[in-house]
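Geometric and topological summary
The lines below spell out each chain.
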Amino acid sequence: MKITKVEAIPFAIPYRKPLRFASGEVHVADHVLVRVHTDEGLVGTAEAPPRPYTYGETQESIVAVVDKIFAPQITGLSALGREQVHARLERTVGNPTAKAALDMALWDVIGQAAGMPVNELLGGWSDRMRVSHMVGFAPSDEMVAEAERIRDMYGISTFKVKVGRRPYRQDVDACRALRTALGDDVCLYIDGNRGWSASDSARALREMADLDLDFAEELCPADDVLGRRWLVSRSSIPFVADESVPTPADVTRELLGGSASAISIKTARTGFTSSARILNQCEAMGVEVVIGNQIDGQIGTLCAVAFGAAHRATTRRAGELSNFLDMTDDLLAEPLVISDGTLRVREGAGLGLAIDPEKLARYRQDH
Ligand code: MUC
Ligand code: MG
C-alpha cells in the first residue's frame with residue numbers, strides 16, 4: 001500500500017478564553033490538519049499545533065515543510081514502512097509537530113488496514129485515561145474558580161498550574177489558594193515554561209513545600225545548564241522535562257546530565273513512533289512519565305489518549321487531555337466527551353476519527 005498524496009490544511013478555530021503561560025499565550029487554534037492518502041483509498045488523519053515559542057514552528061512553516069520537503073520525500077513509499085518514512089523525515093532537523101502529525105496519520109492508516117484501533121496496536125493496556133486540566137495565568141481567585149468549575153463539570157481532580165511569572169510570589173499565592181480551595185484530595189503540580197531562574201525556582205519550591213505538589217516541570221531553562229542541574233539535585237519532587245526534550249536523544253541528555261528526573265511525553269511533538277521510544281527509554285531507566293498537552297485540539301487529544309491509554313506507565317498519572325475544552329468548536333464530527341474525570345479512546349479501526357466536512361470548510365484558511 002503506497003502513499004499517494006499528503007495534504008497539509010491550515011485551519012483556525014478561536015478559543016473561548018486565551019490560555020496564558022510563561023512562554024506565550026494562545027488565542028486561536030491555528031493548527032494544520034495533516035492527511036496521508038494511499039493507493040488503497042485509506043486516508044490517515046492527524047493535526048499539528050504550531051508552538052512558535054516552543055519549537056519555532058508556525059502554521060505557515062508547517063504547511064511549507066510538509067508540502068515542499070516531506071510530501072515529495074515520502075510519496076511513493078509504503079504506508080506500512082514507518083522506518084523508511086522516518087529515515088526520510090529525519091534528514092531534516094527540527095519541525096517536530098509536522099513530523100509527529102505525519103507519523104500519527106500513518107499509524108491511523110496502519111490501524112485501518114489492520115482493522116484494529118491504534119490504541120490496541122500500540123499496547124492495548126486500557127481504553128481510557130484520567131484527565132489532568134491545565135490552569136493558565138490569571139488572578140488567583142479566577143484560577144481557583146476555573147479549577148472548581150472544571151472539577152464540578154467534568155469530575156477532574158488533577159490540575160497542572162502554570163507558574164513562571166515574575167515576581168514568583170504571585171504563583172506561590174495562586175498555588176496556595178488552589179490547595180486551600182480544592183482540599184487535599186486533588187493532585188496539583190506546576191509548570192514554569194522556563195520562566196524563573198534556578199534560584200527563584202528553588203525559593204518558590206521551598207515556599208510551596210507544604211502544598212504537596214506532585215512534581216515540577218521546566219521551572220527554569222535547561223540551557224542554564226549548571227543552574228538547572230543544581231535545582232534538580234535539590235528538588236524533593238520529580239522535575240519534569242517538557243520542551244527541553246523534543247527528541248529521544250534530548251531525553252537521554254537531560255536525564256543523564258541530571259537536568260530532569262521525569263519526562264513529559266507529547267504525541268504532538270514525537271508522534272507515536274518516537275513517543276514509544278521515549279517511553280521505552282524512561283521505563284528502562286526507571287523514570288516517571290506524564291502524558292502532556294501541546295494545547296491540542298480534539299484530533300490531537302484523541303492521539304494523546306490513544307497512546308497514553310495504550311501503556312501501563314502512561315496511565316499511572318492523569319494525562320493532560322482537556323485543553324480542547326476552551327475552544328469554541330472543533331473539526332471532529334463527533335465531539336470528545338470528558339466525564340467522571342476520564343476520556344476514552346475511540347472505538348473503530350485506526351484512530352477512529354471522522355472529520356466534519358462542513359466544519360473543515362468553515363475553518364480552513366487556504367481558500
Ligand atoms: C506545557 O506543558 O508546557 C505550553 C507551551 C507548550 O509548548 O505546551 C504548553 C503546555
Ligand atoms: Mg510544559
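Reading guide: rules and limits
- Residues numbered from 1 in each chain as written.
- Chains lettered and ligands numbered in written order.
- Predicted model: local features only at pLDDT ≥ 70, side-chain atom pairs only at ≥ 80, totals over all residues.
- Heavy atoms only, no water.
- UniProt positions renumbered as here; feature names shortened; annotations may be inferred.
- Axes fitted to C-alpha atoms, helices over the stretch in contact; angles between N-to-C directions.
- Helix = DSSP H or I, 4+ residues; strand = E, 2+ residues; numbered from the N terminus.
- Parallel < 35°, antiparallel > 145°, perpendicular 65-115°, else oblique.
- Left-handed = near helix turned anticlockwise from the far one by under 90°.
- Contact = heavy atoms within 4.5 Å.
- Nonpolar A, V, L, I, M, F, W, Y, C, P; charged D, E, K, R; others polar.
- Pairing = 2+ DSSP bridges.
- Donors = N, O, S within 2.8 Å, 3.2 Å for Na, K, Ca; no water.
- Buried < 20%, exposed > 50% of the residue type's maximum accessible area, 1.4 Å probe, protein only.
- Phe/Tyr/Trp six-rings, centres within 6.5 Å; stacked < 30°, edge-to-face > 60°.
- 1 Å grid on protein atoms, 1.4 Å probe; cavity = no way out; pocket = protein on both sides within 12 Å on 5 of 7 lines; lining within 4 Å.
- Points joined across faces, edges and corners; volume = space filled by probe spheres on them.
- Near = heavy atom within 4 Å.
- Polar contact = N/O pair within 3.5 Å; in protein donor to acceptor, adjacent residues only side chain to side chain.
- Areas by Shrake-Rupley, 256 points an atom, 1.4 Å probe, with all protein chains shown as cover.
- Sits in = over half its atoms within 2 Å of the grid points.
- Domains from an automatic or database assignment.
- Buried area = accessible area lost by both parts, 1.4 Å probe.
- Salt bridge = Lys/Arg side-chain N within 4 Å of Asp/Glu carboxyl O.

Taking an unreviewed UniProt entry as the reference, the chain is identified by name as Enolase belonging to Actinacidiphila oryziradicis. Listed under Sequence similarities (unreviewed entry) in UniProt, the entry text for the chain is "Belongs to the mandelate racemase/muconate lactonizing enzyme family."

1. Focus on the packing of helix H2 (residues 59-74) against helix H4 (residues 96-114)
Taken N-terminus to C-terminus, the directions of H2 and H4 make an angle of 50°; their axes are 10 Å apart at the nearest point. Between H2 and H4, the crossing angle belongs to the class labelled oblique. In this structure, H2 meets H4 at a crossing whose hand is right-handed. Across from Ile62, Val65, Val66, Phe70 and Ile74 in H2, the residues of H4 making contact are Thr97, Ala98, Lys99 and Leu102. Counted by class, the contact of H2 with H4 contains 7 nonpolar, 1 polar and 1 charged residues.

2. Quick notes on the pairing of strand E2 (residues 13-21)
As defined by bridge partners, E2 adjoins strand E3 (residues 24-29) across 5 bridges and the pair is classed as antiparallel. Paired with Pro14 across the bridge in E3 is Val28. Linking E2 back to E3 in an antiparallel pair, the connection comprises 2 residues.

3. As for the coordination of the magnesium ion (ligand 2)
At this site the magnesium ion (ligand 2) is bound by Asp191 (OD), Glu217 (OE) and Asp242 (OD), with donor distances of 2.0 to 2.2 Å. Read N to C, the donor residues that coordinate the magnesium ion (ligand 2) are spaced as D-x25-E-x24-D. With a gap of 25 residues between them, Glu217 in strand E9 (residues 213-217) and Asp242 in the loop between strand E10 (239-241) and helix H10 (248-256) connect regions that are remote in the sequence. Accessibility classification places Glu217 together with Asp242 in one group, the buried group.

4. Quick word on the packing of aromatic side chains
Across all of its chains, the model carries 5 aromatic pairs by this definition. Note on Tyr168 and Trp196: the rings are 6.3 Å apart at their centroids and 80° apart in plane angle, and the pair reads as edge-to-face. Of this pair, Tyr168 sits in the loop between strand E7 (158-162) and helix H7 (169-182) while Trp196 sits in the loop between strand E8 (187-191) and helix H8 (198-207), and the two are 28 residues apart along the sequence. Residue classification places Tyr168 among the buried positions, given a relative accessible area of 8%. Each ring, one from Phe272 and one from Phe307, has its centre 6.4 Å from the other, and the planes form 5°; the classification is stacked.

5. Digging into the layout of surface pockets
Here the largest pocket is characterised by a volume of approximately 400 Å³. Those elements that place two or more of their residues in the lining of the largest pocket are helix H5 (118-122) and strand E14 (342-344). Element by element, the count of residues in the lining of the largest pocket is highest for E14, at 3 residues. Residue composition of the lining of the largest pocket, by class: 6 nonpolar, 4 polar and 7 charged.

6. Points about the site of ligand 1
Near ligand 1 you find 13 residues, and of these Thr54, Lys160, Asp191, Asn193 and Gln294 are the closest. Asn193 is positioned such that a nitrogen or oxygen atom in its side chain is 2.8 Å from an oxygen atom of ligand 1. Glu217 places a polar side-chain atom, nitrogen or oxygen, 3.3 Å from an oxygen atom of ligand 1. Contact with the protein chains removes 100% of the 270 Å² of surface that ligand 1 exposes when unbound. Using a 2 Å cut-off from the grid points, one finds that ligand 1 occupies the largest cavity.

7. Quick look at the domain arrangement of the chain
Often, the extent of an interface is quoted as the loss of accessible area upon association of its parts. Per the domain assignment, the segments of the chain are domain 1 (3-115) and domain 2 (120-344). Each of domain 1 and domain 2 has a C-alpha centre, and these two points are 23 Å apart. In this assembly, 33 residues from domain 1 lie in contact with 41 residues from domain 2. Overall, the association of domain 1 and domain 2 removes approximately 3,100 Å² of surface from exposure, summing both partners, and the carbon and sulfur fraction of that is 64%. Our count for the contact surface shared by domain 1 and domain 2 stands at 3 salt bridges. The salt bridge partner of Glu146 is Lys17, with a shortest N-O separation of 3.2 Å.

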